[in-house]
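Structure assessment
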Amino acid sequence: MLSIRMELPCCCLLLLSCLQSLSAHADFFTSTGQMTDLLYTEKDLVTSLKDYIRAEESKLEQIKRWAEKLDSLTVTATQDPEGFLGHPVNAFKLVKRLNTEWGDLESLVLRDTTGGFISNLTIQRQHFPNDEDQTGAAKALIRLQDTYRLDANTISTGNLPGVKYKSHMTAEDCFELGKIAYSDADYYHTELWMAQALKQLDEGEESTLDKVTVIDYLSYAIYQQGEMERAMEYTKRLIELDPEHPRGKSNLKYFEFQLEKQKKAAEEEKKKQKKSKKAFSLIPEREKYEMLCRGEGIKMTPRRQSRLFCRYYDNNRNPSLLLAPVKQQDEWDRPYIVRYLDIISDAEIERIKQLAKPRLRRATISNPITGVLETASYRISKSAWLTEYDDPMIEMINNRIEGVTGLEMDTAEELQVANYGVGGQYEPHFDFGRKDEPDAFKELGTGNRIATCLFYMSDVAAGGATVFPDVGAAVWPQKGTAVFWYNLFASGEGDYSTRHAACPVLVGNKWVSNKWIHERGQEWRRPCGLSESE
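Residues numbered from 1 in each chain as written. Predicted model: local features only at pLDDT ≥ 70, side-chain atom pairs only at ≥ 80, totals over all residues. Heavy atoms only, no water.

1. Focus on the packing of helix α2 (residues 32-79) against helix α4 (residues 88-110)
- Contact geometry for α2 and α4: axes closest at 10 Å, N-to-C directions at 150°. Judged by the inter-axis angle, α2 sits roughly antiparallel to α4. Remark: the crossing between α2 and α4 carries left-handed chirality. Here Lys59, Gln62, Ile63, Trp66, Leu70 and Leu73 of α2 come into contact with α4, specifically with Arg97, Glu101, Trp102, Leu105, Leu108 and Val109. (Axes fitted to C-alpha atoms, helices over the stretch in contact; angles between N-to-C directions. Helix = DSSP H or I, 4+ residues; strand = E, 2+ residues; numbered from the N terminus. Parallel < 35°, antiparallel > 145°, perpendicular 65-115°, else oblique. Left-handed = near helix turned anticlockwise from the far one by under 90°. Contact = heavy atoms within 4.5 Å.)

2. What about the sheet that holds strand β12 (residues 466-468)?
- Spatially, the 4 strands line up as an open sheet ordered β9-β15-β12-β13, and their pairing is antiparallel. Looking at the sheet topology across the chains shown, the edges are occupied by β9 (426-429) and β13 (473-475). Between one strand and the next, the sheet's axes are offset by a mean angle of 15°, whatever the strand orientation.
- Inspection of the sheet shows β12 paired to strand β15 (residues 500-502) by 2 bridges, in the antiparallel sense. Bridge assignment links Val467 to a residue of β15, and that residue is Ala501. (Pairing = 2+ DSSP bridges.)

3. Quick notes on the state of the cysteines
- Scanning all chains against the criterion turns up 1 disulfide.
- A sulfur-sulfur separation of 2.0 Å characterises the disulfide bridge that pairs Cys293 with Cys503. Measuring the twist about the S-S bond at about -90°, one finds the Cys293-Cys503 disulfide to be left-handed. Here the residue Cys293 occupies a position in helix α13 (residues 285-293), and Cys503 occupies one in the loop between β15 and β16 (505-507), the gap between them amounting to 210 residues. Of the two residues examined, Cys293 and Cys503, each falls in the buried class. (Disulfide = S-S within 2.5 Å. Buried < 20%, exposed > 50% of the residue type's maximum accessible area, 1.4 Å probe, protein only.)

4. Some points on the sheet that holds strand β7 (residues 381-386)
- Taking strand neighbours across the sheet as the criterion, the 9 strands line up as β1-β2-β3-β14-β10-β17-β8-β7-β4 in an open arrangement whose pairing is antiparallel. In this open sheet, the two edge strands, each paired with only one partner strand, are β1 (310-313) and β4 (361-362).
- Both strand β10 (residues 449-456) and strand β17 (residues 511-518) contribute to a ladder of 7 bridges, which runs antiparallel. Paired with Ala451 across the strands is Ile517, a residue of β17.
- Sitting on the sheet, helix α15 (residues 346-356) is in contact with β7, β8 (415-420), β10 and β17, with an inclination near 100° to β7.

5. Concerning helix α6 (residues 131-147)
- An ideal rise of 1.5 Å per residue puts 24 Å on 17 residues; α6 measures up with 24 Å between its terminal C-alpha atoms.
- Taken as a whole, α6 has its buried residues at Asp133, Gly136, Ala138, Ala140, Ile142, Arg143, Leu144, Gln145 and Thr147.
- Buried residues along α6 sit against α7 (152-157), α8 (171-183), α9 (187-202), α13 and β16.
- Structurally, the start of α6 carries an N-cap: the backbone nitrogen of Glu132 is 3.0 Å from a side-chain oxygen of Asn130.
- Arg149 sits one or two residues past α6 and shows a positive phi near 50°. (Expected span 1.5 Å × (residues − 1). Polar contact = N/O pair within 3.5 Å; in protein donor to acceptor, adjacent residues only side chain to side chain.)

6. Regarding the pattern of salt bridges
- In the structure shown here, the tally under the stated rule is 31 salt bridges.
- With a closest N to O distance of 2.1 Å, Arg247 and Asp216 form a salt bridge. Of this pair, Arg247 sits in the loop between α11 (228-241) and α12 (248-265) while Asp216 sits in helix α10 (residues 211-224), and the two are 31 residues apart along the sequence.
- A salt bridge links Asp391 to Arg351; the nearest nitrogen and oxygen atoms lie 2.8 Å apart. Highlighted residues: Asp391 in the loop between β7 and α16 (392-405) and Arg351 in helix α15, separated in sequence by 40 residues.
- Residue classification places Asp391 among the buried positions, given a relative accessible area of 13%.
- According to the relative accessible area criterion, Arg351 is partly exposed, its value standing at 28%.
- Within the structure, one salt-bridge network assembled from shared partners comprises Glu191, Glu227 and Arg230. (Salt bridge = Lys/Arg side-chain N within 4 Å of Asp/Glu carboxyl O.)

7. What about the side chain of Arg143?
- Structurally, the position occupied by Arg143 is in helix α6.
- For Arg143, the residues in contact, after removing those within four places along its chain, are Ile380, Val422, Gly423, Gln425 and Pro504.

8. Considerations on the confidence of the model for the protein
- The predicted model of the protein averages 86 in pLDDT, with 88% of residues at 70 or higher.
- Taken as a whole, residues 1-25 scores under 50 in pLDDT and shows 64 contacts with residues more than four places along the chain or in a different chain.
- Low pLDDT, under 50, characterises residues 271-277; the predicted model gives this stretch 1 contact beyond four residues in sequence or across chains. (pLDDT = per-residue confidence, 0-100.)

9. Overview of unusual backbone geometry
- Between Arg334 and Pro335 the backbone carries a cis peptide bond, its omega angle lying at 0°.
- Looking at the element boundaries, Pro335 is found in the loop between β2 (326-332) and β3 (337-341).
- A positive phi angle, near 50°, is found at Asp342, a position not held by glycine.
- Mapped onto the elements of the fold, Asp342 is located in the loop between β3 and α15.
- Given a relative accessible area of 57%, Asp342 falls into the exposed group.

10. Some words on the pairing of β2
- For β2, the tally of buried residues reaches 5 of 7 residues, placing the bulk of the element in the interior.
- Note that β1 and β2 share 4 bridges and pair antiparallel. Along β2, the bridge assignment pairs Arg311 with Gln328.
- Inspection of the sheet shows β2 paired to β3 by 5 bridges, in the antiparallel sense. Among the inter-strand pairings, Gln328 is bridged to a residue of β3, identified as Tyr340.
- Between β2 and the antiparallel strand that follows it, β3, lie 4 residues.

Laid out in structure tokens, this is it:
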């Protein structure tokens, strides 16, 4: 007799704290710290999926046993139907099976075991990353590729410096990056990633991706860059694979026409000329910034380096530092940048991260024209603001900053905590308000940002340096340390050499916190200078 009683495993309950955290935030790709919640969400879904699979397997096992039993029975019965039914019990059981048990089997087959999994998935999908996140993460990979001069194969195979958990990209992943570049009319990166996808397919990678589709994108991207002969070669390959391709033959004819036109007009362009070496001061800022991120072009001569020292520092016998002076080391001479070592403990760092994580929001910049805070593609991170009312430890850190810098903290901004996302960066910018931004900090009523104190709350496996393009300086993250510099001269004029940037994080997770210190309250602590650049 077929039994249809079946106990379905309960689907995994959702982690409410995780959902509350996810529901409050978007732009997942801008904060690696918050993306950890997505891992737990996916883990819940996998558990729920396995429950569903077990339920389906249990149902199929019952159906299989029923089928095997009847298979054996019908083979025997059909060899001598009349003789088999001559036994009254066999006749009774045949009628019973067809009248009752096959109906029960139908109910079992039609029973839906997807409810728990689908319900779980539907609820959690509300908190999934969206198309903007996927595009943002893809563009971050392309940004890392450019900044650190990585070829597509290096990224695809996961051979990145300092990487702990190696991960490979499939041909579909490479194709997706190529499509996103294509949608931005970025044909250079379209070519790189479509070529990588094709390479992996040619090497025999199993994939549902069609080579013809990849080559179609690839040939068009190459054509858009003016390389007609290569575009023709790929188009010929496309036609070999699919002679009936709707665009193949017409594209080939068009490329042949364009190539002939180029030859006649003698207007062929050489796309891959070697760049001539330039003096560092003449290189565009973007290139300087990327060079410094790679550890190139640092302008510290041995003579200047010999004048940088490390010391135990008590800030002119500050009472809070007399018994425990801090370790201070010079990082740069002009502008003068110092680093304080072991200035914040691991326990304090974890507490700050714990306080900040639920409050993280996409970092904004102040529009120089309107003054309105807005997100920007050149600042990929999330930030939160903490006050001494949030936790007594924040007041301790503020007092520590005041002790080592000698500057008043009452007029400083709240402690800003930032976590950088996939390829997280903040391109070159000033911390202080320039003369063309007279109202930059007007609402605060505390004057301009006189100084910056930046805490590094994590080590970064690769990338993530703080660089100063105008002077060729690079400062690398070191957990538990803080760097400090003045944004203004003693005269109150802005020091334009402090223009700085946060390099993209290549591998790892970067957490920082910073304190922007303002002019008001510093009148007796840092008296005004007599000359503009003093």
